[in-house]
Amino acid sequence: MPVQKVNDSSDLDAKVPSHLQRTSITSLTMTSEPSHRCVKATVVHKGPVISCAQKDGIEMLRAEIKEEDPLQRTAEHTSINVIFFGTLAKDFSQSARQGDVVLLADFTIKKSPSFLRDKLHPCQLEMDGKDDFVYVCPSAGPSHGPSSSEAKYTYVPLNDLKPRTVVNVYGVVTFFKQPFPSKGSDYCSTLKITDQSDFKVGCNIFSKKLEDHPILFRVGDIIRLHRFKTDVFRDSMSLLNTFGWSTVTFDGTTDSPVVPRTSSKSFHFGESDIRTVQELRQWAANQSWISNDLKVSLSTVKPGMYFDLTCQLLAKAVMDSRCILLKVWDGTKCKHPLLNVAVASDALEGESTIVKDRMNLTANVLVYDNHLEMARELKPGTFLQFYNLHALLQRAPDQQPDQSEHLSFHLHGGTSYGRGLRSLPAESPALQSLKSVLEKHVDLDEYDEVNDGTLLEIWYTPPEAVDAEADTGPSYTVRTCEHNTRRLTLARVKRSTPPLSCHVRARVKKYKPQQLYQCLKLFCSNCKTMEDVPDDSAVAKVFRESAKDSQPCDEQWAATSSASSREPGRTISMHISRDMVGESTHMQLIFIEGTTLDEICVLSRDYKNLVPVRSVNSRMTLMDLTAPFLFSGDKRYYGCKQCSLNTFQNPVFTGVETWDEQAVAQALGVQLMQYRLLIQFELEDQTDTLEALLWENTERFFHVSAVDASGSQDLQDKIQTIMDTIQPPDSSLEERPWLDLCLSVYTVKDDDRNKVCYQITNTEIKEE
C-alpha cells in the first residue's frame with residue numbers, strides 16, 4: 001500500500017491494526033517473527049532514490065530511523081536501516097523527511113551488510129510495498145525546502161555534540177592521514193579537528209572511491225562535514241560518515257582565497273560558508289598548535305629527523321616490487337652530502353638530474369609498501385607533499401670507512417603519524433614560495449644534460465672485474481625482468497646500498513629446507529603471519545576432540561541429514577543452507593559434523609566444498625583453525641587465527657554464483673591464508689657467497705602453483721626433480737649448473753636494526 005500521512009503522532013497508534021504488536025528496535029533479531037510486529041521511530045536520515053543493480057534495476061531508497069523512547073536512551077542499537085523498494089521508495093521519498101515520525105509494519109528482517117561500518121543495528125528492515133504499512137507524521141519543524149535561494153544548514157559547535165546524532169560541523173584540521181585501504185573493501189581517512197570551542201574530535205571516513213575522500217594538504221586546513229554521525233569511542237567524541245555524507249575542504253592560510261576543494265559536482269557554498277572559513281582561519285592563526293616546525297626545506301634537514309617536505313618531482317624509477325625511487329628538489333641546497341642512488345638511465349622516467357645532483361640539490365626519496373600505489377601514478381614535474389619523511393645517514397657503494405656518510409630519505413610503510421604523500425595542484429597557495437625559489441635555478445636546465453665531462457667521468461669509471469673464463473656455460477634459468485643493468489659479482493652486490501635490483505650469475509652451494517615438503521608455508525596477507533602447514537596428526541587430533549560427545553546442531557537456516565558412524569555413539573551430520581537445496585553438489589556448501597579426518601577426506605572426493613563444524617550448545621561453529629576450514633577435492637584451506645572474525649551466527653549464503661575458497665572464507669568471516677613456497681639458497685660465484693630467498697617469485701621459478709602443489713604429489717615431485725638438477729646429490733660445486741638470476745636487495749627491521757636481505761625475483765627455470 002502507498003505511504004499514508006497522519007496529522008498527529010498519537011494518530012499513528014490508532015492506525016496500528018489489531019493483530020500487530022508494537023515492538024522496540026533494540027529487541028529485533030534475525031529470528032524475530034516480523035509478520036505480527038510494527039515499529040515507531042523518527043527519521044534520522046533519508047537517502048536518494050537509486051537503481052539497485054542486484055535486483056534488476058529496481059528503484060530503492062535507504063533511510064535510517066531512530067527510536068525516541070526515553071527508556072531506550074542508554075540502550076544500544078536504537079537506530080536501524082530501512083530499505084524501501086519499488087513504488088514504495090518513490091512514495092517515501094516524496095512523503096517523508098528528516099525529523100518525521102513513521103510507523104512501519106509487515107517488514108522483512110535481514111542481516112545488515114553495513115553493520116561493522118555504521119555501527120547501527122546488526123539487522124535491517126526491508127519493505128517492498130506489497131502488503132506493507134507505512135504511516136508518516138510530519139514533524140513540527142519548518143517546511144522541507146529552504147525559504148530563500150540559498151540552502152540553509154545548521155552547524156553544531158564541536159563542544160555541543162551529542163552522541164548518536166547526525167550533524168553538520170566545521171573544523172580546523174589538527175591531524176590527518178591520507179586515505180589508506182581498510183580491512184574491508186573501503187579506503188579509510190582518519191583526521192582530528194577542532195574549532196573555537198577548543199574541543200577536539202576524531203573523525204573516520206570510509207568510502208570505496210579515493211576521490212570521495214577529503215582533499216587535505218596540511219595541518220591547519222579547514223574542513224566542512226555534512227551528515228556525519230556522532231558517537232563516543234574510548235571516552236571521546238568521534239564522527240563517522242553516514243548516508244548522504246559530503247566533505248568540502250579549504251586552505252587554512254589567512255590571506256588565501258576561499259576556494260572550496262571537493263570532487264562533488266554539485267554542493268552548496270554561500271556567503272555564510274565564506275564567513276565561517278575566514279573566522280576559523282583567523283582563530284587558528286593565533287593557536288600554538290599550528291606550527292611549521294615539521295615543514296622544512298632540504299637546506300635545514302638534519303640526520304634522523306622526521307619532517308614534511310613540499311617539493312617537485314624531477315624523475316622516478318622502479319627499484320623493485322617493494323620500492324620506487326623519487327628524485328625531487330625544492331630549490332635549496334642540503335648542508336649534508338646527499339646519497340645518489342644508482343639506477344640505470346633507461347629505467348629512469350623524467351629529466352636528467354646530473355647537474356642538480358652535483359650541486360647537492362636533488363633528494364633521492366625511497367618510497368615503500370602502501371605508498372607505492374600513489375608513487376606509480378606520479379608524473380615528473382608534479383608538485384608533491386611528503387608527510388613524515390625520514391632522513392637517514394647511509395654509506396654509498398664502495399665508500400671507505402673513514403669517509404663521511406651520505407644523507408638519504410625514506411618514506412617508510414604504514415600510516416603512523418600521518419605518513420604518506422600526495423600530489424599538489426599547481427595553483428595551490430602552498431606552492432607560491434616554492435615556485436619562487438625554483439625560478440632562481442631556471443638556468444640549470446640549460447646545462448642539465450650529458451656533456452663531455454660527464455661522458456669522461458662515466459668512461460673512466462672502472463667496471464667490476466668479472467672472470468669471463470670462469471662462468472661460461474649454459475644457464476639452467478632465464479631472467480624475465482626488463483632491467484637493462486650490467487651483471488655484478490656477489491661481492492659487489494654485498495657492498496651495494498639497498499634498495500637495488502641487479503643481475504648475477506652463480507651456483508647453488510646449498511639450500512634449505514632439505515625436506516622440500518617443509519618449504520610449503522601458510523601466509524596471512526593481512527597480519528603478515530607465516531607458519532608451517534599443520535601435519536595430519538595435529539589436524540586429526542582436532543577432529544577427534546570435536547567429535548567427542550557431539551550433538552547435532554539445530555540451525556533454522558540449515559537442512560540436516562544424519563547417519564551413524566562405525567564408532568558407537570558418534571553421529572555424522574551434514575548441513576546445507578535451505579537456499580541451496582536442489583542445486584548440484586558443485587554449487588553447494590556443505591557443513592559436516594562428527595567426522596574424522598580420514599572420513600572427510602574420503603567425502604571430499606565427491607563433494608567440492610566441505611566445511612567441518614562442531615556443535616556448541618546446539619549451535620553450529622567452526623572447528624579450531626588448526627584444522628582446515630574448507631576441504632575442496634584434494635585441497636585444504638586454512639584460516640588465520642589472529643585475523644578471522646568467525647561471523648558464523650546467521651550466515652548469508654545467497655547471491656554467490658560460484659563457491660570458491662574466497663567466497664567461503666568471506667561468508668564465514670575467515671581470513672584466508674595463502675599457500676606459499678619458501679626456499680633459502682646459498683649462492684656462490686668466484687668472489688663471494690650470499691644467502692638469497694626464493695619467496696615472492698617461487699611459483700614462476702618452478703612453473704608450479706603453491707596451492708596446487710599442496711594437494712598434488714606429482715607437482716611436489718616436479719619441484720624435487722628441479723632441485724636435484726640445480727644441486728645434484730653428491731656433486732661438487734663445479735659440477736652444478738650456472739643460474740642467471742635477477743636479485744633484489746632491500747632492508748628489513750630486525751630488533752630495531754636494519755638488516756640487508758636478498759631475494760631472487762623475475763627468474764624462471766628453463767622449460768624443456
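Scoring rules and cut-offs
Every chain's residues receive numbers from 1 upward, in the order its sequence appears when written. It should be noted that, the model being predicted, local features are given only for residues of pLDDT at least 70 and side-chain atom pairs only at 80 or more, the latter also being counted only at that level, while totals for whole chains, interfaces and linings use all residues. Side-chain descriptors were evaluated using all non-hydrogen atoms of the structure, hydrogens and water having been removed beforehand. We call a set of buried Ala, Val, Leu, Ile, Met, Phe, Trp, Tyr and Cys residues a nonpolar core when their side-chain atoms join them within 4.5 Å. Think of it in three bands: with a 1.4 Å probe and only protein chains considered, a residue is buried below 20% of the maximum accessible area for its type, exposed above 50%, and partly exposed in between. Any two residues having at least one pair of non-hydrogen atoms within 4.5 Å are treated as being in contact. The predictor reports its confidence for every residue as pLDDT, a score running from 0 up to 100. Secondary structure counts use DSSP, requiring at least four H or I residues in a row for a helix and at least two E residues in a row for a strand, with both numbered from the N terminus. This arc is built from the directions going out from the helix axis to the C-beta atoms. In this scheme, strands are said to pair when DSSP sees at least two bridges between them. Each axis is a line fitted through C-alpha atoms, and for a helix only the stretch in contact is used; angles between axes span 0 to 180 degrees, taken between their N-to-C directions. One less than the residue count of a helix, multiplied by 1.5 Å, gives the span that helix is expected to have. Here Asp and Glu are counted as negative and Lys and Arg as positive; His is not counted, and neither are the chain ends. The working definition used for a salt bridge is a side-chain nitrogen of Lys or Arg within 4 Å of a carboxyl oxygen of Asp or Glu. Definition of a polar contact: a pair of N or O atoms within 3.5 Å, with one able to donate and the other able to accept a hydrogen when the atoms are protein atoms, and with sequence-neighbouring residues admitted only if both atoms are side-chain atoms. When the centres of two rings from Phe, Tyr and Trp lie within 6.5 Å, Trp using its six-membered ring, the rings pair. Their planes under 30 degrees apart give stacked, over 60 give edge-to-face, and anything left gives tilted.

**Q** Would you mind showing me how to read the nonpolar core here?
**A** As a rule of thumb, soluble globular proteins bury nonpolar side chains together. Core analysis: the largest hydrophobic core is formed by 56 residues, its most contacted members being Val-493, Ile-679, Phe-681, Phe-702, Met-723, Ile-726 and Leu-743. Excluding its chain neighbours within four sequence positions, the residues that come into contact with Leu-743 are Val-493, Leu-500, Ser-501, Cys-502, Val-504, Leu-690, Ala-692, Tyr-758, Gln-759 and Ile-760. Ile-193, Phe-217, Ile-223 and Phe-228 belong to the second-largest nonpolar core, a separate cluster that totals 28 residues.

**Q** Explain the confidence of the model for the protein chain here, please?
**A** Atom-level detail of predicted coordinates should not be read off regions where pLDDT is low. For the protein chain, mean pLDDT is 81; residues scoring 70 or higher make up 86% of the total. Across residues 445-470 the pLDDT falls below 50, and counting only partners more than four positions away or on other chains, this stretch makes 27 contacts in the model.

**Q** Help me understand helix α2 (residues 87-95), please; the structure alone is not making it clear to me.
**A** An α-helix turns once per 3.6 residues; consequently, residues spaced three or four apart project the same way. Buried within α2 are the following residues: Leu-88, Ala-89, Phe-92 and Ser-95. Down the axis of α2, the buried set is contained in an arc of 145°. They therefore lie on one face. Relative to its buried face, α2 has exposed residues pointing more than 90 degrees away, namely Thr-87 and Gln-94.

**Q** Please clarify how the sheet that holds strand β34 (residues 674-677) should be interpreted in this entry.
**A** Backbone hydrogen bonds hold the strands of a sheet together, and the pairing may be parallel or antiparallel. The strand order across the open sheet formed by 3 strands is β26-β25-β34, and the pairing between neighbours is antiparallel. Two strands in the sheet have a free side with no partner beyond their single neighbour: β26 (530-532) and β34. Sheet twist, expressed as the average angle between the axes of neighbouring strands with direction ignored, equals 40°. Where strand β25 (residues 520-523) meets β34, 4 bridges bridge the pair, whose relative direction is antiparallel. In the sheet register, Phe-523 faces β34, and the bridge partner there is Gln-674.

**Q** Whenever I open this one, helix α11 (residues 536-547) confuses me. Can you help?
**A** For α11, built from 12 residues, the straight-helix expectation of 16 Å at 1.5 Å per residue is met to within 8% by its first-to-last C-alpha distance of 16 Å. Within the sequence span of α11, burial applies to Val-539, Ala-540, Val-542, Phe-543, Ser-546 and Ala-547. Buried residues along α11 cover an arc of 155° about the axis, so they all sit on one side. Here the buried face of α11 lies against α12 (597-603), β30 (610-616) and β32 (630-632).

**Q** I keep staring at unusual backbone geometry and nothing clicks. Help me out?
**A** Keep in mind that most residues, glycine aside, have a negative phi and that most peptide bonds are trans. Residue Pro-513 is bonded to the preceding Lys-512 through a cis peptide linkage, with omega at 5°. Mapping Pro-513 onto the fold places it in the loop between β24 (500-512) and β25. Phi is positive for Asp-106, close to 60°, though the residue is something other than glycine. Its place among the elements puts Asp-106 in the loop between β7 (101-105) and β8 (108-111).

**Q** So what exactly am I meant to see when it comes to the side chain of Arg-736 here?
**A** With respect to the element layout, Arg-736 can be found in the loop between α16 (713-726) and β37 (739-750). Nearest to the buried, unbridged Arg-736 among oppositely charged side chains is Glu-735, at 6.7 Å. A polar atom in the side chain of Arg-736 sits 2.8 Å from the backbone oxygen of Lys-509. If sequence neighbours within four positions are ignored, Arg-736 has contacts with Arg-507, Val-508, Lys-509, Ile-726, Gln-727, Pro-728 and Ser-731.

**Q** Just to check I follow, could you spell out the pattern of salt bridges for this structure?
**A** Note on pairing: side chains with opposite charge can pair once their charged atoms come close. Applying the stated criterion to the full structure yields 20 salt bridges. For the salt bridge of Asp-532 with Lys-521, the shortest nitrogen-to-oxygen distance reads 2.5 Å. One end of the pair, Asp-532, is in strand β26; the other, Lys-521, is in strand β25, with 11 residues separating them in the sequence. For Lys-521, a relative accessible area of 15% corresponds to the buried category. We note a salt bridge from Arg-570 to Glu-599, for which the minimum N-O separation is 3.0 Å. Of this pair, Arg-570 sits in the loop between β27 (558-564) and β28 (571-577) while Glu-599 sits in helix α12; the two residues are 29 residues apart in sequence, bridging distant segments of the chain. Arg-570 gets classed as buried once you look at its relative accessible area, which sits at 8%. Judged by its relative accessible area of 22%, Glu-599 falls in the partly exposed class.

**Q** Whenever I open this one, the sheet that holds strand β12 (residues 187-194) confuses me. Can you help?
**A** Strands sit in the order β11-β12-β13-β15-β14 around a closed barrel of 5 strands; the barrel is mixed. Neighbour-to-neighbour, the strand axes of the sheet open up by a mean angle of 50°, direction not taken into account. Looking at chain direction, strand β11 (residues 166-181) and β12 are connected through 7 bridges and run antiparallel. Note on β12: the bridge partner recorded for Pro-181 is Tyr-187. Most of the contacts of helix α4 (residues 271-285) go to β11, to which it runs at about 65°, and overall it touches β11, β12, β14 (222-233) and β15 (236-250).

**Q** When you look at the pairing of strand β19 (residues 363-368) in this model, what are you seeing that I'm missing?
**A** With 6 of 6 residues buried, β19 is to be regarded as a mostly interior element. Covered by surrounding structure in β19 are Ala-363, Val-365 and Val-367 together with Asn-364, Leu-366 and Tyr-368, the residues of both alternating faces. Of the strand pairs in this sheet, strand β17 (residues 323-329) and β19 are connected by 6 bridges, and their pairing is antiparallel. Note that in β19 the partner of Leu-326 across the bridge is Val-365. Where β19 lies against strand β21 (residues 406-411), 3 bridges are found, and the strand directions are parallel.

**Q** Whenever I open this one, the packing of aromatic side chains confuses me. Can you help?
**A** When we look at a pair of aromatic rings, we describe it by the centre distance and by the angle of the planes. With the rule as written, the count across this model stands at 11 aromatic pairs. Ring centres of Phe-681 and Phe-701 lie 6.4 Å apart, and the angle between their planes is 50°; this geometry places the pair in the tilted category. Highlighted residues: Phe-681 in strand β35 (residues 679-684) and Phe-701 in helix α14 (residues 698-702), separated in sequence by 20 residues. The same class applies to Phe-681 as to Phe-701, namely buried. Through a chain of ring-to-ring contacts, three or more aromatic side chains come together here, namely Tyr-511, Phe-681, Phe-701 and Phe-702.

**Q** In this structure, what is going on with the environment of Leu-225? I would like to understand it.
**A** Within the secondary structure, Leu-225 is located in strand β14. For the pair Leu-225 and Asn-241, spaced 16 residues apart in sequence, the C-alpha to C-alpha distance is 8.6 Å.

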